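Residue-level structural notes
One letter stands for each residue in the lines below.
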Amino acid sequence: MIQPFEWQDSIFILRALRWTLGLSLAAFIGGGTIGLAVALMRSSGRTYYSVPALTYVILFQGTPLLIQLMLSFFGASMFGVDVSPWMAAALALSLNTGAFLGETWRGCIEAIPSGQRAAGIALGLHWRHRFVYIILPQALRIAIAPTVGILVQVVKNTSVASMIGLVEITRAGQIVTATTLEPFVVYLIVAGIYFALCWPLSLLSGKLEARSATSRATRRSAAPIGNYTAKPVSRTL
Amino acid sequence: MDYIFHFGDVFRYSGELIDGTLTTLRLALWAMVLGLTVATGNAMVRTLRIPVVDMTIAVYVEVIRNTPLLVQAYLIFFGLPALGIRMNSETAAVVALVLNVGAYSTEILRAGVEAVPSGQVEAGSALGLRPGLIFRKIILPQALKIVFPALGSQFIMILLATSLMSAISTPELTSITNSIQSQTFRSFEAYVVSAIIYLALTIFFFGVFEFVARNFLGSTLINRMEVR
């Protein structure tokens, strides 16, 4: 039955927003956990850690998210597990986000001057302490801006979950379109909601990036020290 | 797990899979070529420093970058006919992809243009070159060289994003895979095969971009996977 587009329809779309937000959060937490593991494995310098992590990144950055989603949706049923669209979407988005966060965070870890790590080794610190007390605090500062940028990507990616029937805002838009036959207005509203979610994050990311860029520049000019690797260390000392 | 794989059922549709792969490639190549054209046009117009135009470009970039490609495609394919603009699904897919990759490339190229030392432009005008010529012969080649790795990873992302065009029934690889799985009920096998094809395409494009970057530009794509 065709009905005109009314405010109830907007409410329906807005109610679906919780799934978009919930899925974004699940993907970000799951992806963050995987991403941390990937970043550590990739920057470990040990082949038996870095090669599996690199393979993971290539597989998930080299195939479309939609295919990953379909594989997790239909693949789980092969193991006899009946997954809901929500579970399948959370799994696929986490795995996908993990690959992107892992690569970004690896870059942040490797951006820390190697002298920092060397100093930690010289002090006899365990790698866990080196990471937590030396690498992490410095890497975290560079990582914030690109991580917020990836969060925007995650929010937008949740729209793909509409393809397996999860009623988040894109799917809600499709449902409303089917009854009101006003696709232009409906999808404009849906796009507007995504924009309202993502734009502040994009602005924040840009602002953080600009700030870290200026602070890096001033630090470089003020104190031209920091990389100790160039100095040869006498072994007989 | 007592599941027996039946890839044979999927391979009976290899003709369709090849057609789908070619459509995916066609979409991706159009998106790359026209997207870069949009970006270059925007970069050129930006050098004129007309506030209204600059503002329009900025709004275009921000709107596209902060909304999902899927919704953009729905708006173009399902929404625009309400305004009297009709196109078939493949044209709509190309339009959506070009608008999308155009916005990202515009932003990438903007950074590249800003990275060209201002002395280059001054040298150009000191030589008496017209602004159009300065852009074409001095700014653009250097900017493109600087941003090539970022553009390359963006192009690979749009290659993968073409799979979303199955939602507006463009007969590309994902769309073909969907219909194979609904005919054979070999869902997992069908999607594994298409995942492998996508991976092969990604590696191929990565190889081409890497080859160009290494041999002609002295840069590399590795470590440059951009945030979308």
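Before reading on, note that the structure itself is shown above.
Residues numbered from 1 in each chain as written. Chains lettered and ligands numbered in written order. Predicted model: local features only at pLDDT ≥ 70, side-chain atom pairs only at ≥ 80, totals over all residues.

The next subject is the overall build of chain B. Helix and strand counts for chain B stand at nine helices and zero strands. Element order for chain B, N to C, with α for helix and β for strand: α-α-α-α-α-α-α-α-α. Of all intrachain contacts in chain B linking residues separated by at least 6 positions in sequence, the fraction that spans at least 24 positions is 76%. (Helix = DSSP H or I, 4+ residues; strand = E, 2+ residues; numbered from the N terminus. Contact = placed C-beta atoms within 7 Å.)

What follows deals with the overall build of chain A. When you go through chain A residue by residue, the secondary structure sums to eight helices and zero strands. Helices (α) and strands (β) of chain A occur, in sequence order from the N terminus, as α-α-α-α-α-α-α-α. Here chain A holds 237 residues, and 43% of them are scored as buried. Counting only contacts in chain A whose residues sit at least 6 apart along the sequence, the fraction spanning at least 24 positions is 78%. (Buried ≥ 20, exposed ≤ 12 C-beta atoms within 10 Å, placed from the backbone.)

Looking at the secondary structure, you find A:K207 in helix α8 (residues 183-222). Sequence separation of A:K207 and A:A145 is 62 residues, and the distance between their C-alpha atoms is 8.1 Å.

This part is about unusual backbone geometry. Residues and elements named next belong to chain B. Notably, S169 is not glycine yet its phi reads approximately 55°, a positive angle. Residue position: S169 is located in the loop between α7 (131-161) and α8 (173-184). Positive phi is not limited to glycine here, since F185 has a value of about 60°. As for its position among the elements, F185 is in the loop between α8 and α9 (187-217). Taking the number of C-beta atoms within 10 Å as the measure of exposure, F185 has 12 and is therefore exposed.

Time to look at the interface of chain A and chain B. Contacts between the two partners involve 37 residues from chain A and, on the opposite side, 35 residues from chain B. Secondary structure elements with two or more residues in the side of chain A that touches chain B: α3 (65-78), α4 (85-110), α6 (127-157), α7 (169-180) and α8 of chain A. Counting residues per element, the side of chain A that touches chain B draws most heavily on α8(A), which supplies eleven residues. Class assignment for the residues of the side of chain A that touches chain B results in 23 nonpolar, twelve polar and two charged. (Nonpolar A, V, L, I, M, F, W, Y, C, P; charged D, E, K, R; others polar.)

A separate point is the packing of helix α2 (residues 14-46) of chain B against helix α5 (residues 89-115) of chain B. Residue and element names in this part refer to chain B. Contact geometry of α2 with α5 gives a least axis separation of 7 Å together with a crossing angle of 45°. Our classification of the angle between α2 and α5 gives oblique. Where α2 crosses over α5, the two elements pack in a sense that is right-handed. From α2, L27, W30, A31, M32, L34, G35, L36, V38, A39, T40, N42 and A43 reach across to α5, where they touch A93, V94, L97, V98, V101, G102, S105, T106, L109, R110 and V113. Within the contact of α2 with α5, the residues separate by chemical class into 16 nonpolar, six polar and one charged. (Axes fitted to C-alpha atoms, helices over the stretch in contact; angles between N-to-C directions. Parallel < 35°, antiparallel > 145°, perpendicular 65-115°, else oblique. Left-handed = near helix turned anticlockwise from the far one by under 90°.)

This part covers the environment of B:M32. Residue and element names in this part refer to chain B. Mapped onto the secondary structure, M32 falls in helix α2. Judged by local crowding, M32 falls into the buried class, with 22 C-beta atoms found within 10 Å. Discounting residues that sit within four places of it in the chain, M32 has contacts with V101, F155 and I158.

What follows deals with the nonpolar core. Nonpolar side chains tend toward joint burial in soluble globular proteins. Formed by 126 residues in total, the largest nonpolar core has its most connected members in A:L69, A:A89, B:A73 and B:I158. Considering every element that reaches this core, the biggest residue donor is α7(B), with 15 residues. Beyond its immediate sequence surroundings of up to four residues, B:I158 is in contact with B:A28, B:A31, B:M32, B:G35, B:L97, B:N100 and B:V101. (Core = buried A, V, L, I, M, F, W, Y, C linked by C-beta atoms within 7 Å.)

As a further point, take α6(A). Taking 1.5 Å of rise per residue, the 31 residues of α6(A) would be expected to cover 45 Å, yet its terminal C-alpha atoms sit only 35 Å apart, more than 12% below that figure. Bending of α6(A) peaks at approximately 50° at the position of A:I135, with proline A:P137 no more than four residues after it. (Expected span 1.5 Å × (residues − 1). Bend = angle between axes of the 7 residues up to and from the residue.)

Here we take up the environment of A:R117. Residues and elements named next belong to chain A. Positionally, R117 belongs in helix α5 (residues 114-122). Given 20 C-beta atoms within 10 Å, R117 falls into the buried group. In this structure, the C-alpha to C-alpha distance between R117 and L93, residues 24 residues apart in sequence, is 33 Å. Not counting residues up to four positions away in its chain, the partners in contact with R117 are R130 and I135.

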